[in-house]
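Residue strings, one per chain:
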Amino acid sequence: MSEAGAQNPGGKKFDLMNIKKFRYVIRPLILAHRINSILDYGSGSCSWSASGFHGSQSALDYFSVEKICEYEPSLSKNHLEASDCVTCFDVLEHIPIEDVYSVVNELFLNSKKLLIVNIANYPARAVLPNGENCHITLRPFDWWKGVFDAVGSRHPEVNCFLSVSESFWQAKCSEVFSFNSTKARWHDSSLLGESYNINLQFSDDTVYSGTTDYVDALLASGRHSDALSACRIIGIFADCDQSDLLFRAGVACYHLKDYSQASEMFQLSYLLKASASAGKHLLESIRLDGRAKDAISLGSSIKDSWHGKDKSAILDQIALSCIMVADIDTAEHFAGNSLQANPSGSMAYYIMGVVMSARGDHSRAIDCYQKSLSIDPNNILASTRMANEFLASGKIAKALSSGYSSRVEISSVGRFDQFKSLSSWRNPEVVGGRICIICEQGLGDQIYYSRFLSWYTKQCEQITCTVDPRLEKLFSRSFPGILFNPSNFAEIAQISDSCFPMGDMLALAADHNSTDSCFSDKYLYTSAAFCGSREPSTSAQRKTKRVGLSWKSNRQYIGDCKSIHLHALLEGLSFLEPENTCLVCLQHHASEEELSVLNSTHFEVEFGTYDEFNDLDSHASAIASCDMVVTISNLNAHLAGALGVRTYVLVPPGIGLTWYWGRSGSASEWYNSLTIVRSVTPGEWAGALADLRELVKQELGM
């Protein structure tokens, strides 16, 4: 058997040099440890001197190694020679478990500097003559790591890289470790796990010149998790500038939406080698991590280190952070300075557009967005914002033709990557076929877009749709015939005639005549029982009016722009008669102080016994039981509108005013039961509350 080789079910002899697929990960380790000689323990029938390992290079040439000792007793390669490095690929899974410790000890004994091991943890296709699978010792990474930690304690001078493959291409790898030294870390150890998963596919037959090219290829192909794993595994041993590797690790974290860790990576990269690109990405990651004030402070301290386009990139990030904290004047100041540093700055013009929009000058906002796009047609932030300006003015067709579809590229980094290659991707007007709809954005947006689902139930033979699990019960009742949140959505998408993000259904709204039902007073339906016990009754059967209240948004930064102090809201409704009014608290995460304020009023107050944010079905029933809802722009506004409940929505100007509330007027184009009550000045609600008082009095005939 040893001479003929083990056979797979197809009869082909296995003689792969599996170290090849790991070459981009382990080459930096070999170079950094100055390895001149290698012992390949269990080399099989492979040759380190044969060309074709990496392009035309042999393995010896690629790893810059002078001497190789190939040890494979089954092929009469019986010489064991202690070497700088011992490699052992796909051997230990063939060793009986009782011999594992002695073989691992032999590996350490023959290694002077470095031990590189890969072990398979999956059944082989090949079988032994007795019918047993060739992989006789299958154990997970943690088990093998324990073995190497235990045996390595006797050989503290040897560094070790351990990989356990869960399939031919998928591996779980360690950083380089040894018994008497800390693991090779190049960032805060509290951020590290014990192992990193990496998919090595496509590296086997692709030639890259070095680590950065390999990581760049992973990033370019959307394999951000693999890119991050490669950076972590290679760590301080990378054959490139450490700052460059840290920067790429930051990019991977950014695309994985781990903004906290991304900022750590970019900060380390910037400290090692200050660059405007690292600074720009650092500020952006800090801002997206919810620390806009920190980004403003840091950006202000480094901006003068740069000039021209580099300085402009830093100033843009400071301005964007100012917008996040609703400091519009300062945002305009930094955007203006950015244009002085770089008059052709697309991002600065985009920021100016946001500033103009926040001030209510929507014509100038569109001019700024168009200027931004004339400089950089690929600035999807500008195209999306411009589309929103058109939507806010009711110009749906104009919005659809000017960049509305690009919103997917900004708000959902990586969310739709697995679907973009489908031939059916993004065709929302399919009729009579099988369609697959992917939710996007937040709860309110999903409720808003769900109005179009009823149109598809009449047009298509099969509909599957993902939604936030908290909405599944409510949506399943309201749109019978649609399968929500199937167990294998990606598989269903592949066999559908069209697969698209939920917001693409807005294309149907361009023709109201064909979709009139989408704009009805009510399109969501609650259960018969309120909170499982109360039967909803009509206002005619009750002496009191049930008024639902919601007064704040918990969204960081922007939530403050939309929220009203509870005392002010209650003062605005003080004309209601306590004996004829029951206040229904609809506020998510109301504080103890706010609950106490409600209890101190002269009104009857009702608090839900449900979780008003996670149990949305019961929460919707609570809203449906109300005769009237008074709320700010939050989830309750969308639910109330979709349930057809008479509702007054208090909205701010500028920051916090979303496009579906329009820019002027009191009528809602999307929810017929809603009346929009507008504040004129940011942070000032007195005028809006006075308007609300008059509207409610008219409603109640007072």
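Nothing here was measured: the structure is a model prediction, and the numbers come from that model. (Residues numbered from 1 in each chain as written. Predicted model: local features only at pLDDT ≥ 70, side-chain atom pairs only at ≥ 80, totals over all residues. Heavy atoms only, no water.)

## A word on the environment of glycine 481
So, point 1. Looking at the element boundaries, glycine 481 is found in the loop between α20 (472–478) and β10 (483–484).
So, point 2. When the C-alpha positions of glycine 481 and serine 454 are compared, they lie 9.7 Å apart, and in sequence the two are 27 residues distant. (Helix = DSSP H or I, 4+ residues; strand = E, 2+ residues; numbered from the N terminus.)

## Focus: unusual backbone geometry
So, point 1. Despite not being glycine, aspartate 90 has its phi angle at roughly 55°, a positive value.
So, point 2. Here aspartate 90 lies in the loop between β3 (83–89) and α3 (100–109).
So, point 3. The phi dihedral of asparagine 485 falls on the positive side, at around 50°, and the residue is not glycine.
So, point 4. In this structure asparagine 485 comes out as partly exposed when scored by relative accessible area, which is 23%. (Buried < 20%, exposed > 50% of the residue type's maximum accessible area, 1.4 Å probe, protein only.)

## Things to note about the pattern of salt bridges
So, point 1. Tallied over the full model, the rule gives 25 salt bridges.
So, point 2. Residues aspartate 289 and arginine 291 are paired through a salt bridge, measuring 2.9 Å at the closest nitrogen-oxygen approach.
So, point 3. For aspartate 289, a relative accessible area of 29% puts it in the partly exposed group.
So, point 4. Of the residues examined, arginine 291 reaches a relative accessible area of 28% and is grouped as partly exposed.
So, point 5. For arginine 663, the salt bridge goes to glutamate 389, with nearest N and O atoms at 3.4 Å. Pair noted here: arginine 663 is in the loop between β16 (647–651) and β17 (674–678) and glutamate 389 is in helix α15 (residues 380–392), with a separation of 274 residues, a long-range link.
So, point 6. The class of arginine 663 is partly exposed, set by a relative accessible area of 22%. (Salt bridge = Lys/Arg side-chain N within 4 Å of Asp/Glu carboxyl O.)

## Details of the sheet that holds β10
So, point 1. A sheet is described by the order of its strands in space; here 4 strands give the open sequence β10-β9-β8-β11, paired in parallel fashion. With one partner strand each, in any of the chains shown, β10 and β11 (498–501) form the two edges of the open sheet.
So, point 2. Pairing of strand β8 (residues 434–438) with β11 involves 4 bridges; the strand directions are parallel. Residue isoleucine 438 lies in a different strand from β11, and its bridge partner there is proline 501. (Pairing = 2+ DSSP bridges.)

## Quick notes on the sheet that holds strand β1 (residues 37–41)
So, point 1. Read from one edge of the open sheet, 7 strands run β2-β1-β3-β4-β5-β6-β7, paired in mixed fashion. The sheet terminates laterally at β2 (67–71) and β7 (196–199), the two strands that pair on one side only. Direction aside, neighbouring strands of the sheet carry axes that sit 20° apart on average.
So, point 2. In terms of strand pairing, strand β4 (residues 111–120) meets strand β5 (residues 159–165) through 7 bridges, oriented parallel. Across the sheet, residue alanine 120 finds its bridge partner in β5, namely serine 165.
So, point 3. Each of β5, β6 (170–173) and β7 touches helix α6 (residues 224–234); the most contacted strand, β7, lies at about 120° to it. (Axes fitted to C-alpha atoms, helices over the stretch in contact; angles between N-to-C directions. Contact = heavy atoms within 4.5 Å.)

## Quick look at helix α11 (residues 308–324)
So, point 1. Given a rise of 1.5 Å per residue, 17 residues ought to cover 24 Å, and the 25 Å separating the end C-alpha atoms of α11 matches this to within 8%.
So, point 2. Those residues of α11 not exposed but buried are Ser312, Ile314, Leu315, Asp316, Gln317, Ile318, Ala319, Leu320, Ser321, Cys322 and Ile323.
So, point 3. Of the surrounding elements, those touching the buried residues of α11 are α9 (276–288), α10 (292–302), α12 (328–341) and α13 (346–358).
So, point 4. Looking one or two residues beyond α11, the residue adopting positive phi is alanine 326, at roughly 65°. (Expected span 1.5 Å × (residues − 1).)

## Some details on α6
So, point 1. Most of α6 is tucked away, with 10 of its 11 residues classed as buried.
So, point 2. Of all the positions in α6, only His224, Asp226, Ala227, Leu228, Ser229, Ala230, Cys231, Arg232, Ile233 and Ile234 are classed as buried.

## Remarks on the pairing of β1
So, point 1. Among the 5 residues that make up β1, 5 are buried, leaving the element largely enclosed by the rest of the structure.
So, point 2. Of the two faces of β1, the one lined by Ser37, Leu39 and Tyr41 and the one lined by Ile38 and Asp40 are each fully buried.
So, point 3. Relative to β2, β1 runs parallel, the two sharing 5 bridges. Within β2, the position partnered with serine 37 by the bridge is lysine 67.
So, point 4. Inspection of the sheet shows β1 paired to β3 by 3 bridges, in the parallel sense. Each bridged residue has a counterpart across the sheet, and for aspartate 40 the counterpart in β3 is threonine 87.

## Description of the packing of α13 against helix α14 (residues 362–375)
So, point 1. Orientation of α13 relative to α14, taken along the N-to-C sense of each, is 170°, at an axis distance of 8 Å. Classified by the angle their axes make, α13 and α14 are roughly antiparallel. In this structure, α13 contributes Ser346, Tyr349, Tyr350, Met352, Gly353, Val354, Met356 and Ser357 to the contact, and α14 contributes His362, Arg364, Ala365, Cys368, Tyr369, Lys371, Ser372 and Ile375.
So, point 2. In terms of residue class, the contact of α13 with α14 is made up of 9 nonpolar, 5 polar and 2 charged. (Parallel < 35°, antiparallel > 145°, perpendicular 65-115°, else oblique. Nonpolar A, V, L, I, M, F, W, Y, C, P; charged D, E, K, R; others polar.)

## Points about the packing of aromatic side chains
So, point 1. In this structure the tally under the stated criterion is 31 aromatic pairs.
So, point 2. Considering the side-chain rings of tyrosine 24 and tyrosine 208, the 5.4 Å spacing of their centres and the 55° angle between planes classify their relative orientation as tilted. Placement of the pair is tyrosine 24 in helix α1 (residues 23–32) and tyrosine 208 in the loop between β7 and α5 (211–220), with a sequence separation of 184 residues.
So, point 3. You can call tyrosine 208 buried: its relative accessible area is 15%.
So, point 4. An angle of 20° between the planes, with centres 4.9 Å apart, marks the rings of tyrosine 24 and tyrosine 214 as stacked. Taken together, the residues tyrosine 24 in helix α1 and tyrosine 214 in helix α5 connect sequence positions 190 residues apart.
So, point 5. When its relative accessible area of 2% is taken as the criterion, tyrosine 24 is described as buried. (Phe/Tyr/Trp six-rings, centres within 6.5 Å; stacked < 30°, edge-to-face > 60°.)

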